[in-house]
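Chain by chain, the residues run as shown.
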Amino acid sequence: MSLLGRRLPVVAGILLAAGLVGAVLAPPDRVQGEYQRLMYVHVPTAWVAYLCFALTGVLSGLWLWRRRDRFDRAAAASAELGVLFTGLTIVLGSWWGKPVWGVWWTWDPRLVTTALMFFVYLGYLALRRGTLDPALRARRSAVLGIVALVQVPIVHMSVVWWRALHQPPTVLKPGDPTIDHRMLVVLLVNLAAFTVVALMLLRARIRLSVLEEDLAASRVAEDRELAGGAVRAPRLEGR
């Protein structure tokens, strides 16, 4: 618990600092030059998005199995973070693509499938907001959270199945990673850093959800008390 409490921000800060220094000191790419350094942010944001959506799918399955509120709450929080990091991935990818490809956006299979995943999970969040009944909301969200998970492998494998502008995998692939090992070490440090930051944000969002639920419950209780007093008031006057 202490590691997930007070020490987690310290670990995140150390890893982020190490990742930043490594990104500056790592050798530039021989083709893309200094623009390649965006990889040390772009790839970790994509990795965290994958991780968050996978967690949403697993937690959705756990909710369907055990029907515990904490699973639904954590699945929603994870989906929110996944949408956030997917948006960052798209923005950073466009920023990287402009000097390398010459355009901010192209209908590359990786970009299209990533954008589709982004909008599907926005739909997941909209479904949660638009469904007022807690049990119905949790059930519908759990089903969508599991079904939507199929997009993660499709997005990752899109550069293998449909070769276009986007480069194929260099790390998550069979065999030795096709990347300079000095770059690989820096990339792994940044992957770890962003993962720890995501854990911090997830923990904070779940806590906020608990507070929101407690506040909503207290308001409902107050409304019931006020309504009860209004109903009893005429009887008191009659006496």
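Just above, that's the structure.
All figures in this text were calculated on a predicted structure; none of them were measured in a lab. (Residues numbered from 1 in each chain as written. Predicted model: local features only at pLDDT ≥ 70, side-chain atom pairs only at ≥ 80, totals over all residues. Heavy atoms only, no water.)

### With respect to the nonpolar core
Counting residues in each nonpolar core, the largest one holds 27 residues, and the members touching the most others are Val48, Phe53, Phe85, Met117 and Tyr121. Looking at this core, the elements with two or more residues in it are helix H2 (39-66), helix H3 (69-101), helix H4 (109-130), helix H5 (134-147), helix H6 (151-161) and helix H7 (181-238). Every residue in contact with Tyr121, bar those within four places of it in the chain, is listed here: Phe53, Val83, Gly145, Ala148, Leu149 and Gln151. (Core = buried A, V, L, I, M, F, W, Y, C linked by side-chain atoms within 4.5 Å. Buried < 20%, exposed > 50% of the residue type's maximum accessible area, 1.4 Å probe, protein only. Helix = DSSP H or I, 4+ residues; strand = E, 2+ residues; numbered from the N terminus. Contact = heavy atoms within 4.5 Å.)

### Remarks on the pattern of salt bridges
Taken as a whole, this structure holds five salt bridges when the rule is applied. The salt bridge involving Glu213 is made with Arg73; its shortest N-O contact spans 2.9 Å. Remark: Arg73 occurs in helix H3 and Glu213 occurs in helix H7; sequence separation between them is 140 residues. Overall, Glu213 belongs to the partly exposed group, its relative accessible area being 39%. (Salt bridge = Lys/Arg side-chain N within 4 Å of Asp/Glu carboxyl O.)

### Concerning the packing of aromatic side chains
Using the criterion set out here, one finds five aromatic pairs in the structure. Taking the centre distance of 3.7 Å and the plane angle of 10° together, the rings of Phe53 and Tyr121 count as stacked. Linking Phe53 in helix H2 with Tyr121 in helix H4, this pair joins segments that are 68 residues apart in sequence. Here Phe53 falls in the buried class, since its relative accessible area comes to 0%. (Phe/Tyr/Trp six-rings, centres within 6.5 Å; stacked < 30°, edge-to-face > 60°.)

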